[in-house]
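A structural walkthrough
In case you want the letters, here they are:
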Amino acid sequence: MRISIDLRQRAFQAYENAAGTLREIASRFLIGEASLKRFLRLKRETGDVRSGKRHGGGPVPIIPGPDLQKLAEVVAQKPDRTIKEFREECYRQTGVKASHATERDSEKNRLRREVFEEEIAEVAPEKRVYLDEAGSNLAMTRRYARSCEGKRVYCKRPGSRGGNISMVGAIR
């Protein structure tokens, strides 16, 4: 489990203020005693409670520094954007185009679409019925949001979960 920077800092402040034993402070902040000891050691050795490691050894970000800062601003403006919305907004503001890999763009699915288009071409247009279904939750809120590393996201959500609606439509 990744522990946010602000939680680390608050736990460190509680320790600095002698707000209890290590065990009591760890319990208060719902973190392990070993984690608290690690944060204290990091603070003592580096002057900061952040880990010196980057994000688990993945690839180095391809977005240059100024554009990365702009991306952080885009995240802060509206943290509940979808990945697609982030990509579009980032491209609009920085000109950096992020790629994505999805199942729908796979070779297998491209071939399946071609076969479907050939089959549907055999059906006369006046005989076709286009059917679609969709669902929605009445609370109408996104369940997830994003933030920059070490920051928490605060978003407004309805107090109730709301009911579900299922819809089916057909066009001839």
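Residues numbered from 1 in each chain as written. Predicted model: local features only at pLDDT ≥ 70, side-chain atom pairs only at ≥ 80, totals over all residues. Heavy atoms only, no water.

**Some thoughts on the overall build of the protein chain**
- Counting its regular elements, the protein chain contains 6 helices and 2 strands.
- Along its sequence from the N terminus, the protein chain presents helices and strands in the succession α-α-α-α-α-α-β-β.
- In the protein chain, which comprises 172 residues, the proportion classed as buried is 18%.
- Pairs at least 24 apart in sequence give 56% of the contacts found in the protein chain among residues at least 6 apart.
- Accessible surface computed for the protein chain: about 13900 Å², of which carbon and sulfur atoms make up 53%. (Helix = DSSP H or I, 4+ residues; strand = E, 2+ residues; numbered from the N terminus. Buried < 20%, exposed > 50% of the residue type's maximum accessible area, 1.4 Å probe, protein only. Contact = heavy atoms within 4.5 Å. Areas by Shrake-Rupley, 256 points an atom, 1.4 Å probe, with all protein chains shown as cover.)

**Some thoughts on the side chain of N109**
- The residue N109 is located in helix 6 (residues 107-121) in this model.
- Side chain to side chain, N109 and R112 meet in a polar contact 3.1 Å long. (Polar contact = N/O pair within 3.5 Å; in protein donor to acceptor, adjacent residues only side chain to side chain.)

**Overview of helix 5 (residues 83-94)**
- Taking 1.5 Å as the rise per residue, helix 5 with 12 residues should run 16 Å; its terminal C-alpha atoms sit 16 Å apart, in good agreement.
- Among the residues of helix 5, F86, E89 and C90 are the ones counted as buried. The buried residues of helix 5 occupy an angular sector of 105° when the element is viewed end-on, so they sit on one face. Opposite its buried face, helix 5 presents the exposed residues K84 and R92, each directed more than 90 degrees away.
- Tucked into the core, helix 5 has its buried residues touching helix 4 (65-77).
- Just beyond helix 5, the residue with positive phi is G95, at close to 80°. (Expected span 1.5 Å × (residues − 1). Arc of directions from axis to C-beta.)

**Structural notes on the packing of helix 1 (residues 5-16) against helix 3 (residues 33-46)**
- Viewed as axis vectors pointing N to C, helix 1 and helix 3 meet at an angle of 85°, and their least axial separation amounts to 10 Å. On the basis of the axis angle, helix 1 is roughly perpendicular to helix 3. Facing helix 1, whose interface residues are R8, A11, F12 and Y15, helix 3 presents L36, F39, L40, L42 and K43.
- A breakdown of the residues in the contact of helix 1 with helix 3 according to their chemical character gives 7 nonpolar, no polar and 2 charged. (Axes fitted to C-alpha atoms, helices over the stretch in contact; angles between N-to-C directions. Parallel < 35°, antiparallel > 145°, perpendicular 65-115°, else oblique. Nonpolar A, V, L, I, M, F, W, Y, C, P; charged D, E, K, R; others polar.)

By themselves, these figures tell us nothing about what the structure is for.
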